[in-house]
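So you can see what is in the structure, the chains are spelled out below.
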Amino acid sequence: MAERKQRVFSGIQPSGNLHIGNYLGAIRNWVASLDEYDNIFCIVDLHALTVEPEERAAELRGLTTQLAALYLACGLDPNKCALFVQSHLHEHAELAWMLSCVTPTGWLNRMTQFKSKAGEHKEQASTGLYTYPVLMAADILLYQTDAVPVGDDQRQHVELTRDIAERFNYLFGPTFTVPQPLIREVGARIMALDDPTEKMSKSAPNEFSRVALFDLPDVIRKKLARATTDSERSIRFDESRPGVYNLLTIYELLSGQTRAAIEAHFEGKGYRELKAEVAEALVAELEPIQQRYYALMAEPARVQAILGEGAARVRPLAQATLRTAMSRMGLRS
């Protein structure tokens with residue numbers, strides 16, 4: 001009998017133009033490991049409601065379709081993974097409520113992402129933003145997930161998911177698989193081009209802080225030319241020099257070369273050459289993705305059909321998990 005593949009679950013909000021940090025740190029890795037795992041990938045549109053839902057309402061469906069097309073354009077093969085929209089399965093919201101009833105508020109008070117997103121306006125922040133980690137836990141636990149591919153900044157959410165699963169299993173009996181975080185050693189955090197001490201973000205006000213996946217070649221070259229470096233001359237993988245280190249990490253991921261080979265390649269060269277070569281590597285990587293994306297967006301019915309098939313594939317598992325959890329909590333026989 002063939003050994004069961006480990007199941008992975010991950011997702012991204014349909015909340016704006018994705019950048020190379022999302023691609024190199026997440027989507028590209030998902031594509032590379034499609035044959036290794038039992039893959040479930042979700043467009044988490046319910047999470048997109050946690051901040052200013054009234055402003056997102058008019059564009060949310062369109063953003064969801066765009067993100068699905070982008071997933072597919074990046075290489076997520078629907079024959080090798082289930083790709084679907086979170087809100088299309090009501091089990092996510094139902095399980096989130098059940099889990100919230102066994103999650104101590106003290107655990108949520110320690111979540112750093114709420115503090116960073118709410119800032120000085122905690123009293124005005126939505127309850128949804130505060131309980132966001134519980135919904136994320138429900139997303140993961142609903143599919144008896146073994147591993148969660150996340151960036152290092154999301155490790156705390158996976159640890160909370162583990163705590164919630166263990167608490168539920170202790171209180172009501174074995175119900176959920178306790179997942180492990182799956183964090184890549186290289187590229188887990190792609191940093192901002194303008195401030196390489198901060199993670200690249202699609203919500204940053206300076207558009208030169210990031211390279212968006214839909215940026216045209218000349219825009220990519222202009223952004224890389226303005227990337228922050230330092231006053232030294234040597235080009236080395238040195239984490240104490242975050243600007244150069246970030247550019248070299250991007251080049252490493254795109255070129256597939258070893259660090260020793262990359263350092264030898266740039267020996268005697270300056271930052272202008274480094275930035276130019278990183279820019280050209282990004283252009284070569286993104287152009288075919290953009291072409292496939294626009295072809296898919298010309299067939300929206302095809303994209304919706306793939307999302308529907310993905311939801312149908314995972315629905316029996318979600319239903320079975322929710323049914324077991326409800327029975328354990330006394331909600332049904």
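For the structure, see preceding data.
Right, let's walk through the structure included here. Here the structure is a predicted model, which is why all the values come from computation and not from measurement. (Residues numbered from 1 in each chain as written. Predicted model: local features only at pLDDT ≥ 70, side-chain atom pairs only at ≥ 80, totals over all residues. Heavy atoms only, no water.)

Focus: helix 8 (residues 155-172)
In step 1: Spanning 18 residues, helix 8 covers 26 Å between terminal C-alpha atoms, matching the ideal 26 Å at 1.5 Å per step.
In step 2: Among all positions of helix 8, only His 157, Val 158, Leu 160, Thr 161, Arg 162, Ile 164, Ala 165, Phe 168 and Asn 169 are buried.
In step 3: In the stretch just after helix 8, Gly 173 is the one whose phi turns positive, near 105 degrees. (Helix = DSSP H or I, 4+ residues; strand = E, 2+ residues; numbered from the N terminus. Expected span 1.5 Å × (residues − 1). Buried < 20%, exposed > 50% of the residue type's maximum accessible area, 1.4 Å probe, protein only.)

Comments concerning the packing of helix 9 (residues 217-225) against helix 12 (residues 271-297)
In step 1: Remark: helix 9 packs on helix 12, axes separated minimally by 9 Å, with the N-to-C direction vectors making an angle of 150 degrees. Considering the angle they form, helix 9 stands roughly antiparallel to helix 12. Considering only the axes of helix 9 and helix 12, their crossing is right-handed. Two secondary-structure elements touch here, helix 9 through Pro 217, Ile 220, Arg 221, Leu 224 and Ala 225 and helix 12 through Lys 275, Val 278, Ala 279, Glu 280, Leu 282, Val 283, Leu 286 and Glu 287.
In step 2: Classifying every residue of the contact of helix 9 with helix 12 by side-chain character gives nine nonpolar, no polar and four charged. (Axes fitted to C-alpha atoms, helices over the stretch in contact; angles between N-to-C directions. Parallel < 35°, antiparallel > 145°, perpendicular 65-115°, else oblique. Left-handed = near helix turned anticlockwise from the far one by under 90°. Contact = heavy atoms within 4.5 Å. Nonpolar A, V, L, I, M, F, W, Y, C, P; charged D, E, K, R; others polar.)

So, the pattern of salt bridges
In step 1: Counted according to the given criterion, the structure contains 15 salt bridges.
In step 2: With a closest N to O distance of 3.8 Å, Glu 232 and Arg 241 form a salt bridge.
In step 3: Given the relative accessible area of 44%, Glu 232 is considered partly exposed.
In step 4: Judged by its relative accessible area of 5%, Arg 241 is buried. (Salt bridge = Lys/Arg side-chain N within 4 Å of Asp/Glu carboxyl O.)

A few points about unusual backbone geometry
In step 1: In this model, Gln 144 sits at a positive phi of 50 degrees, which is unusual for a non-glycine residue.
In step 2: Mapped onto the elements of the fold, Gln 144 is located in the loop between helix 7 (127-141) and strand 4 (147-149).
In step 3: For Gln 144, a relative accessible area of 17% gives the class buried.

Description of the environment of Tyr 251
In step 1: Positionally, Tyr 251 belongs in helix 10 (residues 242-255).
In step 2: On the accessibility criterion, Tyr 251 (8% relative accessible area) is buried.
In step 3: Aside from chain neighbours lying at most four places away, what touches Tyr 251 is Gly 256, Gln 257, Ile 262, His 265, Phe 266, Glu 277 and Val 278.

Describing the nonpolar core
In step 1: Counting 56 residues, the largest nonpolar core has Ile 20, Tyr 71, Leu 224, Leu 274 and Leu 282 as the members making the most contacts within it.
In step 2: At the level of secondary structure, the elements contributing two or more residues to this core comprise helix 1 (20-32), strand 2 (38-43), helix 3 (60-73), strand 3 (81-85), helix 9, helix 10, helix 12 and helix 13 (300-328).
In step 3: When residues no more than four places from it in sequence are discounted, the contact partners of Leu 274 are Ile 235, Val 244, Leu 247, Leu 248 and Phe 266.
In step 4: Listed in part, the 39 residues of the second largest apolar core include Ala 138, Leu 141, Tyr 143 and Met 326. (Core = buried A, V, L, I, M, F, W, Y, C linked by side-chain atoms within 4.5 Å.)

So, the packing of aromatic side chains
In step 1: One pass over the full model with this rule turns up 11 aromatic pairs.
In step 2: Consider the rings of Trp 30 and Phe 41, whose centres lie 4.5 Å apart with planes at 15 degrees: the pair is stacked. Of this pair, Trp 30 sits in helix 1 while Phe 41 sits in strand 2; the two residues are 11 residues apart in sequence, bridging distant segments of the chain.
In step 3: Relative accessible area serves as the criterion here: at 3%, Trp 30 is assigned to the buried category. (Phe/Tyr/Trp six-rings, centres within 6.5 Å; stacked < 30°, edge-to-face > 60°.)

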